[in-house]
Amino acid sequence: MARKTIRAAVALAIGALAATGAAAQTVKITPLGSHDGEFCPLDRALIFEDPDGTRILYDAGRTVRGAEDPRLGKIDAVLLSHVHGDHLGDLHQPAANAGECAKPDFSVKATPNSNTVNIAAAKKATLIVGGEMPTFFQVKMKDAGGDPKQVRLLRFGAHTTVGKVGIVSVPAVHTNGLSPAFLSKEHGEALAANGLTAYVGPPGGYVLQFSNGLVAYLSGDTGITAEQDLVVRRYYKANLAVMNIGDVFTTGPKEAAHVINQLVKPKSVIPSHANEAATKDGKLLPKSKTAAFQKAVKAPVHVPLSGRTMEFDGSGKCVAGC
Ligand SMILES: [Zn+2]
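To keep things clear, this report deals only with the structure shown in the data block. (Residues numbered from 1 in each chain as written. Predicted model: local features only at pLDDT ≥ 70, side-chain atom pairs only at ≥ 80, totals over all residues. Heavy atoms only, no water.)

1. Some remarks on the sheet that holds strand S2 (residues 46-49)
Heads up, the condition is: By the convention used here, strands pair only if DSSP detects at least 2 bridges between them. A helix here means a DSSP run of H or I that spans at least four residues, while a strand means a run of E at least two residues long, and both kinds are numbered starting from the N terminus. Under this scheme, a helix contributes an axis fitted over its contacting stretch, all axes are lines through C-alpha atoms, and angles between N-to-C directions fall in the 0 to 180 degree range. We call two residues in contact whenever any of their non-hydrogen atoms come within 4.5 Å of each other.
Across the sheet, which stays open at both edges, the eight strands sit in the order S8-S7-S4-S3-S2-S1-S17-S18 with mixed pairing between neighbours. Whereas interior strands pair on both sides, the edge strands pair on one side only; in this sheet they are strand S8 (151-153) and strand S18 (318-320). Within the sheet, the average angular offset between the axes of one strand and its neighbour, ignoring direction, is 30°. The pairing of strand S17 (residues 310-312) with S18 spans two bridges and is classified as antiparallel. In the strand pairing of S18, Phe312 is matched with Cys318. Taken strand by strand, helix H3 (residues 115-123) contacts strand S3 (55-58), strand S4 (77-79) and strand S7 (126-129), and its axis lies near 145° from that of S7.

2. So, helix H8 (residues 289-296)
Where we set the bar: Burial classes: relative accessible area under 20% of the type maximum marks a residue as buried, over 50% as exposed, and values in between as partly exposed (1.4 Å probe, protein chains only). Starting at the helix axis, one direction is taken to each C-beta atom, and the arc is that of these directions.
Those residues of H8 not exposed but buried are Thr290, Ala291 and Phe293. Each buried residue of H8 lies within a common arc of 160° when the element is viewed along its axis, so the set occupies one face. Contacts made by the buried residues of H8 are with strand S13 (240-244), helix H7 (253-264), strand S14 (268-272) and strand S16 (283-284).

3. Examining the state of the cysteines
Rule in force here: Any two cysteine sulfur atoms lying within 2.5 Å of each other are counted as a disulfide.
Across all of its chains, the model carries two disulfides by this definition. Here Cys40 connects covalently by a disulfide to Cys101, the sulfurs 2.1 Å from one another. One disulfide, between Cys40 and Cys101, carries an S-S torsion of -120° and so falls in the left-handed class. Of this pair, Cys40 sits in the loop between strand S1 (27-31) and S2 while Cys101 is found in the loop between strand S5 (91-92) and strand S6 (108-109), placing the two residues 61 residues apart along the sequence. Accessibility assignment for this pair places Cys40 and Cys101 in one class, buried. A disulfide bridge connects Cys318 with Cys322, and the sulfur atoms are separated by 1.8 Å. Its torsion about the S-S bond being 95°, the disulfide of Cys318 and Cys322 is classed as right-handed. Here the disulfide map of the chain reads 1-2, 3-4, the bonded cysteines being numbered as they appear in the sequence.

Written out as structure tokens, the structure is:
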């Protein structure tokens, strides 16, 4: 009897320790924006680090300063939501803090290869894309010195893994025309002369399922869409959302707040794609779209200040750096 009681007590203690361990495990999210400590107009890039060490770069855009950017470190996978230049990376910043937050200097040309492909090739990372993009990116990857096998297809409804991170593609209601600048000279010039972009299938967003239980919805560029309720919340149960709020090209702050409050209902939110200088000296400007979004959203809104790492537990709560 006594031995059984001791055994039960030991089992309980081990269980409690394991539970504490899981709760203590956090996903680290680091924004790679154009200006240290600020949230600037073209900031999109985020690095997600799972407790198992897997590091995923989402939408490198223009603010990651090429593959040599020291903020990147090891990168296991690069996610691309769609091929517009501010996400794929037609240009990039020459140096940290170049230009002003309101008007960053993006004077380094990354076409025709793109910032995204240059980074994935140099880091030997898996490049995850949907739509009709894989064959296009296999050619690009080869041109950039990488292996076409690094490109992995992920279409809506499908699931893949990198390390212990589950990655799912979800719909985004947006466009996905490829600028002629990313094409070879003859084809690019012909399209440009006709004012056309190239077809590479639909754009998308992602859901990331981390090993500590965190489930992050990355909206990509999108308007309000029923899948934010039906798929992202009801099926995947996202508890953190990275949401576009910039208006004109995507939902604005009011519409984005509706998506968060009524459709996705996460425990916390990181705004993205604000297309404004939202902060000064790291403080949110009261008349900014980001401030309007924060005010309209019921859940905590954590402004992605470039270089500041935020840590989230498995329930979607920010536990450090916010
Ligand atoms: Zn776009």
